[in-house]
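Next come the chains, spelled out residue by residue.
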Amino acid sequence: MTLSAARAWLLDETPATRRQAVWSRRYRMWLGLRANPMALTGLLIIMAVMTLSLAAPWLTPYNAGFQDLANRLARPSADHWLGTDELGRDIYTRILFGGRTTLGMVCAVVALIAPLGLFIGCIAGYVGGWLDKVLMRVTDIFLAFPRLILALAFVAALKPGIESAVLAIALTAWPPYARLARAETMQFRHSDFIAACRLTGATPLRIILHHVMPLCIPSLIVRITLDMSAIIITAASLGFLGMGAQPPSPEWGTMIATARRFLFSEWWVPLMPCVAIFITSLAFNFLGDGLRDVLDPKER
């Protein structure tokens, strides 16, 4: 199939098969995302950051923990593109490896909160009654506390570390997704296709898993993408406060914490991880805005 024929097949207004309809929808979403320069820029930056982080061992001659005390606090140069820190460690190398830690924590948090929030919200919205009230009151309790303060309390109850930080952020970040899934579910729980599923003998759990939850996923994707920046900042904040990744682990928040005393002298030491957090968070915001325009029919 030639490129023009494939494009015509994807843009056909009357798809002949379900497969063609699915790929046509995906291609139209990509065209909508590509038409938004800010969203496309955000996507490219995110892909670049992830690629650089994954390829870190091949992109730098240094090890993240290698110390050169004779070359400590060196300015950016040809040998050290972003300079060195107080122990002579290459900042560029530590930022690349730190991306693995920070983005890995973020991905782990999303993998935990997205299914949890989606499942709780769909059950509350579909079943209703006392179960809905109980689940939403629990959600309100978590929403009543600032996310960072509640995460600090959970980490303090466990022990400082990456695993504890991931679990703490996940326990504090799921309520908005449950609220969103519940609102989406309540819009179509009395729809004709849901009634038809009941008539065929489908159980409530099967209806929720196979019919309700897939309809909530597009809105959930938009919300997750917009919240990624907040999750990144929360993870970095826990590291900055000594409750996340522990030194000498190359994590962006931890790097800022150990270098904050050099802010007014060797400015490049704390500034570079701040720039990494800022650029990555901004890219996720750009991408989230673009996905909202593409996936949310109310925005079209």
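These numbers come from a predicted model, not from an experiment. (Residues numbered from 1 in each chain as written. Predicted model: local features only at pLDDT ≥ 70, side-chain atom pairs only at ≥ 80, totals over all residues. Heavy atoms only, no water.)

**Student:** Got a sec to walk through the overall build of the protein? Specific residues and values, please.
**Tutor:** On a plain count of helices and strands, the protein comes out with 13 helices and zero strands. Reading the helices (α) and strands (β) of the protein from amino to carboxyl end gives α-α-α-α-α-α-α-α-α-α-α-α-α. Each principal axis of the C-alpha atoms in the protein carries an extent, and together these give about 75 × 55 × 25 Å. Burial statistics for the protein: of 300 residues in total, 45% are counted as buried. (Helix = DSSP H or I, 4+ residues; strand = E, 2+ residues; numbered from the N terminus. Buried < 20%, exposed > 50% of the residue type's maximum accessible area, 1.4 Å probe, protein only.)

**Student:** Before we move on, can you summarise the nonpolar core with the specific residues and values?
**Tutor:** Across soluble globular proteins, nonpolar side chains have a tendency to be buried as a group. Within the largest apolar cluster, 65 residues are counted, with the highest numbers of intra-cluster contacts made by Ile113, Cys122, Val212 and Ile231. Those residues in contact with Ile113 that lie beyond four places of it in its chain are Leu118, Ala170, Ala173, Trp174, Tyr177 and Ile231. Ala64, Tyr92, Leu96 and Phe97 belong to the second largest nonpolar core, which has five residues in total. (Core = buried A, V, L, I, M, F, W, Y, C linked by side-chain atoms within 4.5 Å. Contact = heavy atoms within 4.5 Å.)

**Student:** Go over the pattern of salt bridges with me, naming the residues and quoting the values.
**Tutor:** For side chains of opposite charge, pairing can occur when their charged atoms come near one another. According to the stated counting rule, one finds eight salt bridges in the structure shown. The partner of Asp85 in a salt bridge is Arg89, and the shortest N-O contact between them spans 2.8 Å. Look at Arg89 and you get buried, because its relative accessible area is 6%. Residue Asp132 is joined to Arg182 by a salt bridge in which the shortest nitrogen-to-oxygen separation is 2.7 Å. Residue Asp132 is found in helix H6 (residues 129-143), and its partner Arg182 is found in helix H9 (residues 175-188); the two are separated by 50 residues along the sequence. Taken individually, Asp132 and Arg182 each receive the classification buried, so the pair is uniform in this respect. Three or more residues are tied together by salt bridges with common partners; here these are Asp85, Glu86, Arg89 and Arg94. (Salt bridge = Lys/Arg side-chain N within 4 Å of Asp/Glu carboxyl O.)

**Student:** Which residues make up a nonpolar patch on the surface, and what values go with them?
**Tutor:** Side chains of Trp267, Leu271, Val275, Phe278, Ile279 and Leu282 sit close together on the surface and give an oily, nonpolar patch of about 510 Å² of accessible area. Considering the arrangement of structural elements, one finds Trp267 in the loop between helix H12 (252-259) and helix H13 (268-295). Take Trp267: its relative accessible area is 39%, and that puts it in the partly exposed class. (Patch = residues over 30% accessible without salt bridge, like charges linked within 9 Å, V, L, I, M, F, W, Y side chains within 5 Å. Areas by Shrake-Rupley, 256 points an atom, 1.4 Å probe, with all protein chains shown as cover.)

**Student:** Talk me through the environment of Leu43; I want residue IDs and the actual numbers.
**Tutor:** Among the structural elements, Leu43 can be located in helix H3 (residues 37-54). C-alpha of Leu43 to C-alpha of Ile256: the two residues are 213 residues apart in sequence and 26 Å apart in space. Setting aside its immediate chain neighbours within four residues, Leu43 contacts Trp30, Leu33 and Leu287.

**Student:** Please provide a residue-by-residue account of H9, values included.
**Tutor:** With 14 residues, H9 ought to run about 20 Å at 1.5 Å a step, and its terminal C-alpha atoms sit 21 Å apart, in line with that. Considered for burial, the residues of H9 that qualify are Pro175, Pro176, Tyr177, Ala178, Ala181, Arg182, Glu184, Thr185 and Phe188. (Expected span 1.5 Å × (residues − 1).)

**Student:** Tell me about the environment of Asn36, and please be specific about residues and values.
**Tutor:** Summarising the element assignment, Asn36 is placed in the loop between helix H2 (18-34) and H3. Counting along the chain gives 254 residues from Asn36 to Gly290, while the straight-line C-alpha distance between them is 6.4 Å. Setting aside its immediate chain neighbours within four residues, Asn36 contacts Gly290 and Asp293.

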